[in-house]
Structure formats: C-alpha cells, structure tokens
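Understanding the architecture of this molecule
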Amino acid sequence: MINPALEEFEEIREGVRGLCQNFDAAYWRGVDERKAFPEEFVTAMTEAGWLAAMIPEEYGGSGLGLAEASVILEEVNRAGGNSGTVHGQMYNMFTLLRHGSEEQKQKYLPKLAAGQLRLQSMAVTEPTTGTDTTKIKTTAVRKGDKYIVNGQKVWISRVQHSDLMILLARTTALEEVRRKSDGMSIFIVDLHHAIGNGLTVQPIANMVNHETNELFFDNLEIPAENLIGEEGKGFRYILDGLNAERALIAAECIGDGRWFIEKARKYACAREVFGRPIGKNQGIQFPIAKAHINVEAADLMRWRACEEYDSGRNAGASANMAKYLAAESSWEAANVCMQTHGGFGFANEYDVERKFRETRLYQVAPISTNLILSYVAEHLLELPRSF
Ligand SMILES: Cc1cc2nc3c(=O)[nH]c(=O)nc-3n(C[C@H](O)[C@H](O)[C@H](O)COP(=O)(O)OP(=O)(O)OC[C@H]3O[C@@H](n4cnc5c(N)ncnc54)[C@H](O)[C@@H]3O)c2cc1C
C-alpha cells in the first residue's frame, strides 16, 4: 500500500503549494468574475514542469507515476485553485504515449514536456449521443493521404487555449461493425490549422469558469499520419486512458473536500452567534466531522487506484470507485461548508460559492455518477446488463 506520507510526496506538495501561493483566492475570484482563462497560472504550472510529470524522462518529462501526478492536482484544489484548467494536459497525453507511433511521440512529447505545445483538449461527447459514445455521428472518411471529418461535438474544453486536440470519430459505420465499440478512431488535430479551415468553435456559457465549446466539423482535412494507433480501435484507446483520468479527478475532489472542511472549520471557530462560536453546536460540528470522514475514506481508495495503476495492474474498479467516493464527498463537504457559512457562503468574497460550483461539475463530468454505479453493478457485481 502506498504510504501517502512518503517524503517525495511531501516535496511535491510543498513545491505545488509554493507555486499556488502566487495565485491566491483573489486571483481565482478575479478570473472567475471576468470569466477569463487563468493563463498566468497555466503558464506557471507548465514552466515549473508539473504538467509534464508523467511524460517519460526520455521525452523530456519527469517520468513520475500516477500517484505523484494526483498529488499535484490535489494540492492545486486544496489551495483554492481549479485544476480543471490544466488537468487535460496530464491525461490527454496518455493516449499519445500508449498508442502513438514512435514518430508521433518524438514529434509531440518533447514539445509538450518543454511547454512549447499544449494538448489540453479531447473531443468525445456529442450533442445527440451523450454518454452513449458508440453512437457518435462524427465521421472521418479516408481520402488518399487525408481523412475528411464531418459532424459535431459538444462540451469540448480548453480548445481556445490548446494547440492540439485528440478527436474521436467513426471511421466505419455502426451498421458495418461486428461490435458497436469497433470502427471508431482517434486523431491528433492541429487546432491552429483546423480552426477556420473546417472547424468552427462556439463557446458555451456555463455555470463554472470553464472554457468549453461546441465544435462543428465541415469537411475538416486531417493528414492520415495524424491517426493514432490502428484505425477502428480508437474507442478502446480512449477507455484505456480513463482509469488514470478518474484517479486524477478523484484527487482533485479530495483537494476540494479538504479545502471546504478547513474553510468550514475555521469559520465555525471564529463566527459567534448567541454569544459563542457556532462550532460549539454539535449541529454544526457533526456534519463537518462526517464530511471529513468521507473525504479521508475516498482518499484511501484513491491511493489504491494509483498503486494498482503504477504497478501495471488493472485499476478499473478502484479508479471508478475512487472517483465516485471523492466526487460525492467533495460535494458533501461543499454543502456543509456553505451551510456553516450561513448567508456569507453566498458572498463571492468568501470563495465558497465559487468552489461549490466548481466541485459540483465532478458529479457529471468527465463521467456521471450513474454511469459509475452502472459499471460497478454490471462489471463488479455481475448484475444483469441494463443498456
Ligand atoms: C463543463 C464541462 C466540461 C466538459 N468537458 C468535456 C471535454 O473536454 N470533452 C468531452 O468529450 N466531453 C466533455 N464534457 C462532457 C461530459 O463528459 C458529459 O456531459 C458527461 O459525460 C455526461 O454526458 P451528457 O451531458 O450527454 O449526459 P447524458 O448522457 O445525456 O445523460 C444525462 C443524465 O442521464 C444519466 N443517464 C444517462 N443514461 C443513463 C442510464 N442508462 N442509466 C442511468 N442514468 C443514465 C446520466 O448519468 C446523466 O446524469 C464536459 C461537460 C461539462 C459539463
């Protein structure tokens, strides 16, 4: 079992905390109010090398494991920041690393590690298919040395602040494949070339400060050499990266949960009503204590997932359960923190309402809670398949 108190984790925690001190609550509140992208924060994380943590050393990264990467994102959220602005760079490169050709890895990974390129975006979700990914309608048709892409995607994040994007599209029609998960492929898209040349990006106004977009593909041409791995196997490649993504999101939620609990604890000690601190009332204490217990329990599952992943074992069950427990517990902690603050929880200057909105996302994206329950029911408990 990983020991979370390992010295190397402490070094990472201290390093990330140090960086985050330059991006305090006022910074995050400011970008949230302006609905601006935290460009300075993303640049600082890139320049410090944190986003290249999992890129192997031979390509210029640090060659660290999922456990270390998860600590980095946890600390950002624990410090009051939002890892949603950078996490794509960490997990999108898995696809390239695991399934890209040596030529593709040489072309992109050293530049990603050096911060010269950003691979912050992955386009999977579509407006008419939602979670039922095998029904995607975006097509990529091979014509000579190119693929021609047509279709639509929705909720595709950080496209306006990325150089590259991973795209999932159907290369063989659903009716022509043996298994519905066959016939989809993934491509690396050069966004600077694509936007205005067959790709239109329409921002979606939303409840968090999260740059996310609708994408319209109209005969976008992608060089055939940008196909990652084998044609038709893209869905499996995407699934392959999801366990790491889930463990990382779990760590972000744990960071959020700890931020909410500490914020609630401090306020409960300081705020006096009826001539005594509100924290003296067990009606205030117990929900905070319960939320703390649940965050700590989720953390144990997060370490299990990281350990399995880093030792090459199948982390599917643990990563899904860690994501479920962590997202539930951070949301519980958010509610408790809001309630503890009474009316002041609604005031922007306390940051509770901002973090409350931010952590709520993880009940829905990148995978909704119901879909994790369905995975556990079907794959771990062997209950009858429901869809
Ligand atoms: C801010 C934000 C950023 C995002 N970023 C990206 C991104 O970068 N790239 C990307 O590809 N996608 C992204 N997404 C999309 C996200 O992954 C999806 O929203 C999510 O997977 C759910 O899909 P959906 O919204 O189509 O919901 P739907 O599939 O329409 O589902 C709606 C609800 O019904 C439930 N449901 C559906 N089917 C079942 C069932 N059989 N049993 C029980 N419940 C069911 C779901 O759990 C959900 O609660 C983002 C979403 C948001 C909100």
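Residue positions are given per chain, counting from 1 as you read along its sequence in written order. Thresholds applied to this predicted model are a pLDDT of at least 70 for local features of residues and 80 or more for the giving and counting of side-chain atom pairs; totals over whole chains, interfaces and linings are not thresholded and use all residues.

What follows is about the overall build of the protein. Where helices and strands are cited, they refer to DSSP runs of H or I of at least four residues and of E of at least two residues respectively, numbered from the N terminus. Each helix and strand counted, the protein has 12 helices and 10 strands in total. Only the C-alpha atoms count toward the radius of gyration. The rule for a globule is 2.2 Å times the residue count to the power 0.38. Taken over C-alpha atoms, the radius of gyration comes to 21 Å for the protein, in line with the 21 Å a tight globule of 387 residues would show. Principal-axis analysis of the C-alpha atoms places the extent of the protein at approximately 80 × 50 × 40 Å. Expressed as a percentage of its 387 residues, the buried residues of the protein come to 47%. The contacts of the protein with a sequence gap of at least 6 include a subset with a gap of at least 24, amounting to 73%. Any residue whose C-beta has 12 or fewer other C-beta atoms within 10 Å is treated as exposed, any with 20 or more as buried, and any in between as partly exposed, C-beta atoms being built from the backbone. Contact definition: two residues whose C-beta atoms, as placed from backbone geometry, lie within 7 Å.

A few words on the pairing of strand β5 (residues 184–190). Counting buried positions along β5 yields 6 of 7 residues, so the element is predominantly enclosed. Between any two strands, pairing holds if DSSP finds at least two bridges. Here 7 bridges tie strand β4 (residues 164–170) to β5, and the two strands are oriented antiparallel to one another. Within β5, the position partnered with Leu 164 by the bridge is Asp 190. As judged from the 2 bridges shared by β5 and strand β8 (residues 227–228), these two strands associate in the antiparallel manner. The residue of β8 that forms the bridge with Phe 187 is Leu 227.

Cis geometry is adopted by the peptide bond preceding Pro 366, which originates at Ala 365 and carries an omega value of -5°. Counting through the fold element by element, Pro 366 comes out in the loop between α11 (352–360) and α12 (369–380). Even without a glycine there, the phi angle at Trp 155 is positive, about 65°. Positionally, Trp 155 belongs in strand β3 (residues 146–157). In this structure Trp 155 comes out as buried when scored by C-beta crowding, with 20 C-beta atoms within 10 Å. Positive phi, normally seen in glycine, also occurs at Arg 158, with a value near 60°. Taking the number of C-beta atoms within 10 Å as the measure of exposure, Arg 158 has 25 and is therefore buried.

Core analysis: the biggest nonpolar cluster contains 112 residues, and Phe 187, Ala 247, Ala 250 and Ala 322 have the highest contact counts within it. Ignoring sequence-local partners within four residues, the contact set of Ala 322 consists of Arg 246, Ala 247, Ala 250, Ala 298, Met 301, Arg 302 and Ala 305. A set of buried residues qualifies as a nonpolar core if it consists of Ala, Val, Leu, Ile, Met, Phe, Trp, Tyr and Cys joined through C-beta atoms within 7 Å.

Time to look at the domain arrangement of the protein. As a measure of interface size, the accessible area lost when the parts come together is often cited. Note: domain ranges come from an automatic or database domain assignment. By the assigned domains, the protein splits into domain 1 (7–113), domain 2 (121–232) and domain 3 (236–380). Taking only C-alpha atoms into account, the centre of domain 1 sits 20 Å from that of domain 3. With 26 residues of domain 1 at the interface, the matching set in domain 3 holds 23 residues. Top element by residues in the side of domain 1 that touches domain 3 is helix α4 (residues 66–78). It accounts for 10 residues. Only Asp, Glu, Lys and Arg are considered charged, only Ala, Val, Leu, Ile, Met, Phe, Trp, Tyr, Cys and Pro nonpolar, and every remaining residue, Gly among them, polar. Across the side of domain 1 that touches domain 3, the residue classes break down as 10 nonpolar, 10 polar and 6 charged.

What follows is about helix α2 (residues 25–34). Among the residues of α2, those classed as buried are Trp 28, Val 31 and Asp 32. Seen along its axis, α2 keeps its buried residues to an arc of 100°; they face one direction. Facing away from the buried surface of α2 by more than 90 degrees, the exposed residues are Ala 26, Gly 30, Glu 33 and Arg 34. Of the residues trailing α2, Lys 35 is marked for its positive phi of about 50°. Read the arc as the range of directions from the helix axis to the C-beta atoms.

Any residue whose C-beta atom, as placed from the backbone, lies within 6 Å of a molecule or strand is termed near it. In the vicinity of the ligand there are 22 residues, among which Val 124, Gly 130, Thr 131, Trp 155 and Ser 368 approach most closely. Every element with two or more residues in the shell around the ligand is listed here: β1 (121–123), β3 and α12. Among the residues forming the shell around the ligand, the class breakdown is 12 nonpolar, 10 polar and no charged. A domain-level breakdown of the shell around the ligand finds at least three residues from each of domain 2 (121–232) and domain 3 (236–380).

Here we take up the environment of Val 177. Relative to the assigned elements, Val 177 resides in the loop between β4 and β5. A C-alpha to C-alpha distance of 59 Å links Val 177 and Ala 268, two positions 91 residues apart in sequence. Setting aside anything within four residues of it in sequence, one finds Val 177 in contact with Thr 172, Asp 182 and Gly 183.

Of all the 7 residues making up β4, 7 are buried; the element is thus mostly covered by neighbouring parts of the structure. Residues Leu 164, Ile 166, Leu 168 and Arg 170 of β4 are buried on one face, and the alternating residues Met 165, Leu 167 and Ala 169, pointing to the opposite face, are buried as well. Across 3 bridges, the pairing between β1 and β4 is parallel. Each residue of the ladder has a partner; that of Ser 121, found in β4, is Met 165.

Attention now goes to the packing of helix α5 (residues 87–99) against helix α6 (residues 102–113). Every angle, taken between N-to-C directions, lies between 0 and 180 degrees, and every axis is a line fitted to C-alpha atoms, over only the stretch in contact when it is a helix. Running from N to C, α5 and α6 point in directions that differ by 150°, and their axes come no closer than 10 Å. Here α5 lies roughly antiparallel to α6, going by the angle between them. In the packing of α5 onto α6, the handedness of the crossing is left-handed. Between α5, through Met 93, Leu 96 and Leu 97, and α6, the contact on the second element is made entirely by Gln 104, Lys 105, Tyr 108, Leu 109 and Leu 112. What sets the label is the angle itself: under 35 degrees gives roughly parallel, over 145 gives roughly antiparallel, 65 to 115 gives roughly perpendicular, and the rest give oblique. Two helices crossing with the near one rotated counterclockwise from the far one by less than a right angle form a left-handed crossing, whereas a clockwise rotation gives a right-handed crossing.

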